[in-house]
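The residues making up each chain are set out below.
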Amino acid sequence: MTAYDVIVLAGGAAKRLGGADKPAVRVGGRALLDRVLAACSGAGATVVVGGRRPTSRPVVWTREVPEGGGPLAALGAGVRLTTAERVLVLSADLPFLGPATVDALLAAGEDGGEGSREGALCTDPDGRDQPLLAVYRAEPLRRELALLAAEHGSLAGLPLRLLTGELDLARVDAGPHAAFDCDTWEDIAAARARIREHGAVLDEWITSVKNELGIELDVDTDVLLDLARDAAHGVARPAAPLTTFLVGYAAARASAAAAGPEEAAAAVAEAARKATALALRWEAEAAEEQSRAEPSGEGAGTP
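Now for a description of the structure that goes with this document. (Residues numbered from 1 in each chain as written. Predicted model: local features only at pLDDT ≥ 70, side-chain atom pairs only at ≥ 80, totals over all residues. Heavy atoms only, no water.)

### Here we look at the pattern of salt bridges
Piece 1. Following the criterion strictly, the structure yields 18 salt bridges and no others.
Piece 2. Linking arginine 35 and glutamate 204 is a salt bridge whose minimum nitrogen-to-oxygen distance equals 2.8 Å. Here the residue arginine 35 occupies a position in helix 1 (residues 32-39), and glutamate 204 occupies one in helix 7 (residues 201-213), the gap between them amounting to 169 residues. Just as arginine 35 is buried, glutamate 204 falls in that class too.
Piece 3. Ionic pairing is found between glutamate 67 and arginine 63, a salt bridge with its closest N-O pair at 3.6 Å.
Piece 4. Given the relative accessible area of 31%, arginine 63 is considered partly exposed.
Piece 5. Through salt bridges that share partners, Glu118, Glu139, Arg143 and Glu144 make up one connected network. (Salt bridge = Lys/Arg side-chain N within 4 Å of Asp/Glu carboxyl O. Helix = DSSP H or I, 4+ residues; strand = E, 2+ residues; numbered from the N terminus. Buried < 20%, exposed > 50% of the residue type's maximum accessible area, 1.4 Å probe, protein only.)

### Looking at the nonpolar core
Piece 1. In this structure, Leu88 and Leu133 are the most contacted members of the largest nonpolar core, which totals 30 residues.
Piece 2. Of all the elements in the fold, those that place two or more residues in this core are strand 1 (5-9), helix 1, strand 6 (86-91), helix 3 (99-108), strand 7 (119-123), strand 8 (129-137) and strand 9 (170-173).
Piece 3. Each residue touching leucine 133, except ones within four places of it in the same chain, is listed here: Val89, Leu90, Leu94, Leu97, Thr101, Leu105, Leu121, Cys122, Ala174, Ala178 and Ala179.
Piece 4. The next biggest cluster of nonpolar side chains, apart from the first, holds 24 residues, and it includes Val79, Leu145, Leu155 and Leu158. (Core = buried A, V, L, I, M, F, W, Y, C linked by side-chain atoms within 4.5 Å. Contact = heavy atoms within 4.5 Å.)

### A short note on the sheet that holds strand 4 (residues 46-49)
Piece 1. Strand order in the open sheet formed by seven strands is 5-4-1-6-8-7-9, and the pairing between neighbours is mixed. In the strand order of this sheet, the two ends are held by strand 5 (60-62) and strand 9, each with one partner. Each adjacent strand pair in this sheet contributes to an overall mean axis angle of 25 degrees, direction not counted.
Piece 2. Bridge count for strand 4 against strand 5 is three bridges, and the pairing is parallel. Pairing of valine 48 across the sheet is with tryptophan 61, part of strand 5.
Piece 3. Taken strand by strand, helix 4 (residues 138-152) contacts strand 6 and strand 8, and its axis lies near 115 degrees from that of strand 8. (Pairing = 2+ DSSP bridges. Axes fitted to C-alpha atoms, helices over the stretch in contact; angles between N-to-C directions.)

So, in structure tokens, the structure goes:
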């Protein structure tokens, strides 16, 4: 995949949030801005337009001129600090944006030579274009921003449709959640509720923990859950968390010299396999001893 830079727009007054620092509002224990940054970790340069704040990974900070000048002014400020041929543009309030959506945008906006598209943007479930969930080829993006600034005197206060209306963009279906943005406290509450839904909570939790610990590792959670169940059933309930901890520790030691996350994932799987086999042997022994201790039933009822 061709290299890209990313601009994350993290300014704005957040009036519908009562002026709260929206990018710092937490959903699932992580700031909205950090959730967006996690989705585009493969970017070359990461430029955040907005007030400086702690972030989960290093970024380059800048501000639009004038401050509060709107998304086009912010985009104009951010693009000056990028060098890649393609620029991913994201708002900082997308709690469910993931790498899959970023990859889909990059693929749809791939430069195919003469006559190719000038980028790609997502559409939400209602079919509305999302220009702050998009990838643009840098050259036409800079060209149109310069033309708009010359025509209107500045980019401040201009609507994004003036930019997207002049570019040949592919459309990508964002799916039911990727384009969900948080403009109100009701939106924040809905996002917080969704990550706690039964079908999503484990994936959300594991993703959050990996980001918090700086771990880039794809682990088969079903394997670990089965291990925890077997340890709890075959040994004792407290054995479940202790066993999974020891498996993680053993996998870390085994993969310390590994070249990448694939080797680490394999080490987790192998450690889990060994621990599961041990737990099943414990369970089998307990069942065997219980069988020996139970009366055979021969002669039962005989006077």
